Amino acid sequence: MNDLDPLSPNSADSQRRLLVALALAMVLTYAFTTFFAPKGPEAGAADAGAQVTEVSDGGTPAVTPPAPGTPPSPGTGEGAGAVAEAPAPPVRALELYRTETKYSFSTEGAGLTSAVLQGAKMREQQHLGIAEGYKLLFGGEVPPPPQMNLAQPVPGQPLPLAVSIDGPTPLPANARYAVDESVAAERGATFTARQGPWEVVKSVQWPQQGFELVYTVQVKNTSAQALTGEFKVHYGRAIDPANEHAPSFFGGMGNLSHASCHVGEEKHKLAAEDKQPEPETLRGPVHYFGIDQQYFLSALYPLEGALQGRCELVATAQARAVVAAFPLTAAPGQTVTFRFGGYLGPKDPDFLAVVPGPELRAAASLPTSAYSPPLGETIDYGIWAVIAKLLVSVMKFFHNLTGNWGVAIILLTVLVKTLLLPLTHKSMVSMEAMKKLQPRVEELRKKYAEDRERQNMEMMKLYQEAKVNPLGGCLPMLIQMPVWIALFTALRNSYDIYQEPFFGPVWRDLTYKDPTYLLPIALGVSMIITQKLQPQMGDPAQARLMTWFLPIIFTATLFNYPAGLALYIFTNNLLSIAQQYGLRKWLERGQAATAGGKSK
């Protein structure tokens, strides 16, 4: 007999009634949602007024606002700290032009999708093989390289000039922006985005001439609560690994791009194989940040002076990217403004020295004594800076006289050779005296063939008696070595010489290798002749090494080095051959005159 009360929750009747009630509730809920509930918007119906909850980049639910006129849900009014948003504007592409650059923007992130420089010299460096080189030599045509694009987006990453906010109320870098159609397209563009509690107005303005721009970002807190976070500016550039290589002994001078940021007193650069800087070294006053290429620069800098913040540098084989982050605090209704200057153009020292230029200062209402970022340091000559800058200045002078950088390099060679003439003359006189001692040197070698130590002692005694220096012939070359290295460094970094031709259809870029290899081969032949004119030191095996092996190795090394460097060394060798030949003739005439005087 069951003693349980029928109304007890433990009784069988009560449990059956509970199950029936739950089943009826589920049936009624299903019927209501299927037949009586309001229909949600179909795909693509952005104006239907429904509220859809998404997850933003920061992992916080972001509510897509209802259409205008729909009353807000309870607890979402301004008093609760949230603001109703309009539907995200559609993605648009925007093309804007100035004299030197064609910009393309996307309203998804309001960032650059391209920044293509205009002009014959504003091109990628052309990579020519030997077949293409000889095709040009014999009158053929080769398509020109593409124009330089300083804003090549990295797939899946924020666009160059995109901004984001990290923190409790994040703003993604790919937020949708609307375009202000009232702004004159030839002077820039203005974009506006509203998402969550943030309203962001981005303005990009530029003078019609030049490579500078003003980038202003106004961040407004539209909520009723104070907000904090980290404001980030992104700049990345995609890299084609097939067209980039590091410098090497036989591989040439390299053309690496770097993610770059100057923080505090130090400039940081990062390429794919470099060690990541310590995070603490990237915190402090940010002077500028961007992508530092070999002859071009994309950089942003705070207009009012270095701004406290930090940088993040990213470098892979396919991309270089930099993120500059600054602290952000906004009271309810407050607008925080960040103003940056920008330079997207060639690393011309004359341009970089005056950034920000007069037109940009006028556009941004900056005083004449406005902060000037140290962009000139991106032209990095390293430890050879003093000599390299001097060589570039001298070549500029000769270029202004002749209008040809190849001729300027030849005249530089003549100038350096003239300055070293007293030293080289003394060296060559010593070598000619050495040549006269060769018979006696050979006798000593034979006489002390079994005793190398005694042989060397007797040779040194002979040189002392004759007052000649056996190493004197090496001195001019040793002095020229710093000039060669400094010239190589100048060609590797100087935009003035970039894409500048010598003559003919082949030697159209003195900062690039000679694709026909004719110039390095001519240099090698001239080097062999130079070695032949010098007295042979050491045993025959060593003499053959100096005469043949050394020039061959030197020539092979220069195959992938700038044509301008090969032109300098080739010209120097020709001048040395002429000088040696002239000196020899002069000494022979002097000896003939002396012999004639004695015979009388």
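Up top is the structure.
Keep in mind the model is a prediction, meaning the values are calculated, not measured.

About the criteria used
Residues numbered from 1 in each chain as written. Predicted model: local features only at pLDDT ≥ 70, side-chain atom pairs only at ≥ 80, totals over all residues. Heavy atoms only, no water. Helix = DSSP H or I, 4+ residues; strand = E, 2+ residues; numbered from the N terminus. Buried < 20%, exposed > 50% of the residue type's maximum accessible area, 1.4 Å probe, protein only. Polar contact = N/O pair within 3.5 Å; in protein donor to acceptor, adjacent residues only side chain to side chain. Salt bridge = Lys/Arg side-chain N within 4 Å of Asp/Glu carboxyl O. Disulfide = S-S within 2.5 Å. Pairing = 2+ DSSP bridges. Axes fitted to C-alpha atoms, helices over the stretch in contact; angles between N-to-C directions. Contact = heavy atoms within 4.5 Å. Core = buried A, V, L, I, M, F, W, Y, C linked by side-chain atoms within 4.5 Å.

Could you give an account of the side chain of Gln 294, with specific residues and numbers?
Turning to its location among the elements, Gln 294 is positioned in the loop between β14 (283-292) and β15 (296-302). Taking the relative accessible area as the measure of exposure, Gln 294 reaches 11% and is therefore buried. For Gln 294, the side chain forms a polar contact with the side chain of Tyr 295, separated by 3.4 Å. Looking at Gln 294, its side chain comes within polar contact range of the main-chain oxygen of Arg 492, at 3.2 Å.

How would you summarise the pattern of salt bridges if you had to cite specific residues and measurements?
Enumeration over the complete set of coordinates arrives at 18 salt bridges. Notably, a salt bridge pairs Glu 500 with Lys 121, separated by 3.1 Å at the nearest N-O pair. Placement of the pair is Glu 500 in the loop between α9 (475-493) and α10 (518-533) and Lys 121 in the loop between β5 (111-117) and α2 (130-137), with a sequence separation of 379 residues. Notably, a salt bridge pairs Arg 339 with Glu 304, separated by 2.7 Å at the nearest N-O pair. In this pair, Arg 339 sits in strand β18 (residues 335-346) while Glu 304 sits in the loop between β15 and β16 (307-315), placing the two residues 35 residues apart along the sequence. Relative accessible area serves as the criterion here: at 25%, Arg 339 is assigned to the partly exposed category. Exposure remark for Glu 304: the relative accessible area of 55% places this residue in the exposed category. Each of Asp 166, Glu 230, Lys 232, Arg 310 and Glu 312 takes part in one network of salt bridges that share partners.

I'd love a proper account of the state of the cysteines, names of residues and values included.
What the rule picks out here adds up to one disulfide. Across a sulfur-sulfur distance of 2.0 Å, Cys 261 and Cys 311 are joined as a disulfide pair. Sign of the S-S torsion, about 55° for the bond between Cys 261 and Cys 311, identifies this disulfide as right-handed. In this pair, Cys 261 is assigned in strand β12 (residues 258-263) and Cys 311 in strand β16, connecting sequence segments 50 residues apart. Given the relative accessible area of 0%, Cys 261 is considered buried.

Would you mind going over the sheet that holds β5 in detail, with residue names and values included?
Strand pairing in a sheet is mediated by backbone hydrogen bonds. Such pairs are either parallel or antiparallel. Taking strand neighbours across the sheet as the criterion, the three strands line up as β3-β4-β5 in an open arrangement whose pairing is antiparallel. Since the sheet does not close on itself, it has two edges, and those belong to β3 (93-97) and β5, each with one partner. Strand-to-strand twist of the sheet, defined as the mean angle between neighbouring strand axes without regard to direction, takes the value 15°. In this structure, β3 lies alongside strand β4 (residues 101-106), joined through five bridges in antiparallel fashion. Across the sheet, the residue bridging to Leu 96 is Tyr 103, located in β4.

Account for unusual backbone geometry, naming residues and giving values.
Note: most residues except glycine have negative phi, and most peptide bonds are trans. At the junction of Val 355 and Pro 356, the peptide bond is cis and its omega measures out at -5° in the coordinates. In this structure, Pro 356 sits in the loop between α3 (349-352) and α4 (358-363). Positive phi values are uncommon outside glycine, yet Ala 110 reaches one of about 50°. Note on placement: Ala 110 falls in the loop between β4 and β5. For Ala 110, a relative accessible area of 1% puts it in the buried group. In this structure, Tyr 517 takes a positive phi of about 65° despite not being glycine. Along the chain, Tyr 517 falls in the loop between α9 and α10. Of the residues examined, Tyr 517 reaches a relative accessible area of 18% and is grouped as buried.

Explain the side chain of Asn 404 to me, using residue names and the numbers behind them.
Within the fold, Asn 404 resides in the loop between α5 (385-402) and α6 (405-419). Looking at Asn 404, the relative accessible area reads 18%, which means it is buried. A polar contact of 2.7 Å, which involves the side chain of Asn 404, links it to the backbone nitrogen of Gly 406. Excluding residues that lie within four positions of it along the chain, Asn 404 makes contacts with His 399, Pro 501 and Phe 502.

Explain the pairing of strand β13 (residues 266-270) to me, and be specific about the residues and the numbers.
Both β12 and β13 contribute to a ladder of five bridges, which runs antiparallel. Considered in β13, the bridge of Cys 261 is made with His 268. Here β12 folds back onto β13, and the loop between the two strands holds two residues, one of which, Gly 264, carries a positive phi near 65°.

Hey, could you go over the pairing of strand β9 (residues 198-205) for me, with residue numbers and the actual values?
Of all eight residues making up β9, six are buried, and the element is well covered by its neighbours. As defined by bridge partners, strand β8 (residues 188-195) adjoins β9 across eight bridges and the pair is classed as antiparallel. Residue Arg 194 lies in a different strand from β9, and its bridge partner there is Glu 199. What sits between β8 and β9 in their antiparallel hairpin is a turn of two residues, with Gly 196 showing a positive phi close to 60°. Connecting β9 to the antiparallel partner strand β10 (residues 212-221) that follows it, the hairpin turn spans six residues, and Gly 210 within it adopts a positive phi of roughly 95°.

Talk me through the nonpolar core; I want residue IDs and the actual numbers.
Judged by nonpolar contacts, the single largest core of 115 residues is most densely connected at Phe 105, Tyr 215, Phe 231 and Phe 289. Counting residues in each nonpolar core, the second largest holds nine residues, with Met 434, Tyr 448, Leu 462 and Tyr 463 among its members.

Taken by themselves, the reported measurements are silent on function.
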